[in-house]
Amino acid sequence: MFAIDLTGRVALVTGSTRGIGRAIAEELTAAGARVAIVGRDAAKAEAVAAEVGGDAKGFGCDISDPAAVTALVEAVEAAFGSCDILVNNAGITKDNLMLRMKDEDWDAVVDTNLKAAFVAIRAVQRGMMKRRWGRIINIASVVGLMGNKGQANYAASKAGLIGLSKSVAKELASRNILCNVVAPGFIRTDMTDAMAPAAVEALSAAIPLERLGEPADIAGVVAFLASDRAAYITGQVLPVDGGLVM
Ligand code: NAI
């Protein structure tokens, strides 16, 4: 039987109190990993960790604060003894046409979606290098490949994450640290629940598989990339989008 086994691995998943991040945390836990659940609110993260079960632990961290991200990695390593798998999942949107996009909206999106990933990778790599094993998985978006009206900041942050990931993959490959990108299409979460039903219907029609994705569709792919089954894959961007981009 094909089974993904992450027994003995420690995974840090940012933005894992809900949506795609939570599904990733659940999937990695089911595969045997010990997972650090991270959200802005520590109490919420601890409550989600208790629900996820296994050896999951909750951590509070505003990832838009670089010092807090570095401290988070230290806290996870202290609590679990290592950090073997890093999933940079937390992300925000602040959409607007460029003419109306404020500097603050650009900065907030780029700081949360891109800079936080850089800081987290820089912090985990020391331990991964020592142990000669690491998996870094960055959650981008098909929008980072295609661009999107009203999402200049978001698309730039996600395209930036792709360039960052390829550089990390080249820099750390010799230490057996692999870095890949998962680029979700339209996934049913709080982020997309806000859309009008007619818009969702029109969108689904453009997706060859004729449905929005579910968080579990992303989580399974992340677990695979974190596992030894994916030991020869690095620097890749894997769209998980029902065939939207091909
Ligand atoms: P969501 O809004 O449901 O969850 C995002 C998570 O990130 C939440 O737990 C939130 O608390 C956390 N977060 C945001 N800012 C944070 C901060 N400063 N500090 C700590 N945590 C923070 O979003 P969803 O849909 O689960 O998205 C997850 C990732 O997938 C994001 O990076 C998003 O850009 C990406 N994505 C989502 C798609 C979708 O259709 N839902 C499509 C393509 C990419």
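The present account deals with the structure reproduced in this document. Bear in mind the structure is a predicted one, so any value in this text is a computation, not a measurement.

1. Side note on the environment of Ala117
When you line up the elements, Ala117 lands in helix α4 (residues 103-131). As for Ala117 and Pro239, which are separated by 122 residues in sequence, their C-alpha atoms are 19 Å apart. With sequence-adjacent residues up to four places away left out, Ala117 is seen in contact with Asn88, Leu161 and Leu164.

2. Digging into the site of the ligand
For the ligand, the set of nearby residues contains 28 residues, the closest of which are Arg18, Asn89, Tyr154, Gly185 and Thr189. A distance of 2.8 Å is found between an oxygen atom of the ligand and a backbone nitrogen or oxygen belonging to Ile187. The separation between an oxygen atom of the ligand and a polar side-chain atom of Thr189 is 2.6 Å. Taking 820 Å² as the accessible area of the ligand by itself, protein coverage stands at 95%. Structurally, the ligand is housed in the largest pocket. Taken together, the elements giving at least two residues each to the shell around the ligand come down to α1 (19-30), α6 (152-172) and α7 (190-193). Per-element accounting of the shell around the ligand gives the leading share, three residues, to α7. Split into classes, the residues belonging to the shell around the ligand amount to 12 nonpolar, 11 polar and five charged.

3. Looking at the layout of surface pockets
Size it by volume and the largest pocket reaches roughly 1100 Å³. Lining the largest pocket are 41 residues, with Arg18, Gly91, Ile92, Thr189 and Met191 sitting closest to its centre. Elements that contribute at least two residues to the lining of the largest pocket include exactly α1, β2 (34-39), α2 (42-52), α6 and α7. Of the residues in the lining of the largest pocket, the class split is 17 nonpolar, 16 polar and eight charged. A volume near 150 Å³ is recorded for the second largest pocket.

4. Digging into the packing of aromatic side chains
One pass over the structure, following the stated rule, counts one aromatic pair. The side chain of Arg9 reaches across the aromatic face of Trp133, ending 3.5 Å from its centre.

5. Observations concerning the pattern of salt bridges
Scanning the entire structure with this criterion turns up eight salt bridges. Across the pair Glu26 and Arg22 runs a salt bridge whose closest N-O atoms are separated by 3.0 Å. Of this pair, Glu26 and Arg22 are both found in helix α1, four residues apart, which corresponds to roughly one turn of the helix. Arg131 is the salt-bridge partner of Asp84, the closest N and O atoms lying 3.3 Å from each other.

Basis of the calculations
Residues numbered from 1 in each chain as written. Predicted model: local features only at pLDDT ≥ 70, side-chain atom pairs only at ≥ 80, totals over all residues. Heavy atoms only, no water. Helix = DSSP H or I, 4+ residues; strand = E, 2+ residues; numbered from the N terminus. Contact = heavy atoms within 4.5 Å. Near = heavy atom within 4 Å. Polar contact = N/O pair within 3.5 Å; in protein donor to acceptor, adjacent residues only side chain to side chain. Areas by Shrake-Rupley, 256 points an atom, 1.4 Å probe, with all protein chains shown as cover. 1 Å grid on protein atoms, 1.4 Å probe; cavity = no way out; pocket = protein on both sides within 12 Å on 5 of 7 lines; lining within 4 Å. Sits in = over half its atoms within 2 Å of the grid points. Nonpolar A, V, L, I, M, F, W, Y, C, P; charged D, E, K, R; others polar. Points joined across faces, edges and corners; volume = space filled by probe spheres on them. Phe/Tyr/Trp six-rings, centres within 6.5 Å; stacked < 30°, edge-to-face > 60°. Lys NZ or Arg CZ within 6 Å of the ring centre and 35° of its normal. Salt bridge = Lys/Arg side-chain N within 4 Å of Asp/Glu carboxyl O.

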